[in-house]
Amino acid sequence: MDSPAPDLASFEDMARAAIAALPPAFRPAAQEVVFLVVDWPPQHLLDEMEIDDPLDLTGLYEGIPLTEKSHFDQPLGPDTIWLFREPILDEWRDRGDIDLADLITHVVVHELAHHFGWSDADIAHIDRWWE
């Protein structure tokens, strides 16, 4: 029998562990980001991104990348990284070849890369995770 899927708090613990394991130069900026761990992407985010299947979105960075921030910016809220538990679990089950903590770490690092100013193309060029 399969063990139960980790709850939201366990997901957040794994995300915090991923941040703690970052190289020291990246930790302070990463610790300034708010992490929201929820079961599913909110419908308004899916609509904004024109995503039909919520399983297609495992994480999302919302904010102004560090490379674009200005002292003149008036932020509407803190930079935020969303982690979506059910889509991550679905990806983990589908892959069947990685540890869940490693997948969560990958999603966290991918979204933090956006916070640091990397584009999806930059990330794909460096990160061969999905090959």
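Just above, that's the structure.
Described in the following lines is the structure provided in the data block.

Quick notes on the rules
- Residues numbered from 1 in each chain as written.
- Predicted model: local features only at pLDDT ≥ 70, side-chain atom pairs only at ≥ 80, totals over all residues.
- Heavy atoms only, no water.
- Pairing = 2+ DSSP bridges.
- Helix = DSSP H or I, 4+ residues; strand = E, 2+ residues; numbered from the N terminus.
- Axes fitted to C-alpha atoms, helices over the stretch in contact; angles between N-to-C directions.
- Contact = heavy atoms within 4.5 Å.
- Core = buried A, V, L, I, M, F, W, Y, C linked by side-chain atoms within 4.5 Å.
- Buried < 20%, exposed > 50% of the residue type's maximum accessible area, 1.4 Å probe, protein only.
- Parallel < 35°, antiparallel > 145°, perpendicular 65-115°, else oblique.
- Left-handed = near helix turned anticlockwise from the far one by under 90°.
- Nonpolar A, V, L, I, M, F, W, Y, C, P; charged D, E, K, R; others polar.
- Patch = residues over 30% accessible without salt bridge, like charges linked within 9 Å, V, L, I, M, F, W, Y side chains within 5 Å.
- Areas by Shrake-Rupley, 256 points an atom, 1.4 Å probe, with all protein chains shown as cover.
- Salt bridge = Lys/Arg side-chain N within 4 Å of Asp/Glu carboxyl O.
- Lys, Arg positive; Asp, Glu negative; His and termini not counted.
- Charge placed at Lys NZ, Arg CZ, Asp CG, Glu CD.
- Expected span 1.5 Å × (residues − 1).
- Polar contact = N/O pair within 3.5 Å; in protein donor to acceptor, adjacent residues only side chain to side chain.

### A look at the sheet that holds strand S1 (residues 34–38)
Sheets are built from strands that pair by backbone hydrogen bonding, the pairs being arranged parallel or antiparallel. The strand order across the open sheet built from 3 strands is S1-S3-S2, with neighbouring strands paired in mixed fashion. The open sheet terminates on both sides in strands that have one partner only, identified here as S1 and strand S2 (59–62). Here the strands of the sheet are splayed against their neighbours by 15 degrees on average, with no regard to which way each runs. Strands S1 and strand S3 (80–84) of the sheet are contacted by helix H1 (residues 8–20), whose axis makes an angle of about 145 degrees with S1. Across the sheet, helix H4 (residues 85–95) touches S1 and S3, and the angle it forms with S3 is around 55 degrees.

### What to know about the nonpolar core
Core analysis: the largest hydrophobic core is formed by 23 residues, its most contacted members being Leu83, Ile88, Ile104, Val108 and Leu112. Contributions of two or more residues to this core are made by H1, S1, S3, H4 and helix H5 (100–115). The residues touching Leu83, leaving out its near neighbours within four places in the chain, are Ala15, Phe35, Leu36, Val37, Val38, Thr58, Ile88, Ile104, Val107 and Val108. With 7 residues, the next largest nonpolar core counts Leu45, Ile51, Leu57 and Phe84 among its residues.

### Looking at the packing of H1 against H5
Two numbers describe how H1 lies on H5: the axes approach to 9 Å, and their chain directions differ by 60 degrees. Classified by the interaxial angle, the pair formed by H1 and H5 is oblique. Two packed elements cross with a definite hand, and for H1 against H5 that hand is right-handed. Taking contact as the criterion, the partners of Phe11, Met14, Ala15, Ala18 and Ile19 in H1 are, on H5, Leu100, Ala101, Ile104, Thr105, Val108 and Leu112. Here the residues of the contact of H1 with H5 are counted per class, giving 10 nonpolar, 1 polar and no charged.

### Overview of a negative patch on the surface
On the surface, a cluster of negative charge is contributed by Glu50, Asp52, Asp53 and Asp56. If you trace the backbone, Asp56 turns up in the loop between helix H3 (43–49) and S2. When its relative accessible area of 58% is taken as the criterion, Asp56 is described as exposed.

### Quick word on H5
In this model, H5 (16 residues) spans 23 Å end to end at C-alpha, consistent with the 22 Å of a helix rising 1.5 Å per residue. Within H5, 12 of the 16 residues are buried, which leaves the element mostly enclosed by the surrounding structure. Along H5, the positions that sit buried rather than exposed are Leu100, Leu103, Ile104, His106, Val107, Val108, His110, Glu111, Leu112, Ala113, His114 and His115. Between a side-chain oxygen at the N-terminus of H5 and the backbone nitrogen of Ala101 the separation is 3.1 Å; the capping residue is Asp99. Positive phi appears at Gly117, one or two residues downstream of H5, with a value of about 105 degrees.

### Re the pattern of salt bridges
Tallied over the entire structure, the rule returns 4 salt bridges. Taking the shortest distance from any N to any O, the salt bridge between Asp39 and Arg85 comes out at 2.8 Å. Of this pair, Asp39 sits in the loop between S1 and H3 while Arg85 sits in helix H4, and the two are 46 residues apart along the sequence. Exposure remark for Arg85: the relative accessible area of 11% places this residue in the buried category. Between Arg85 and Glu86 there is a salt bridge, with the nearest N and O atoms lying 2.8 Å from each other.

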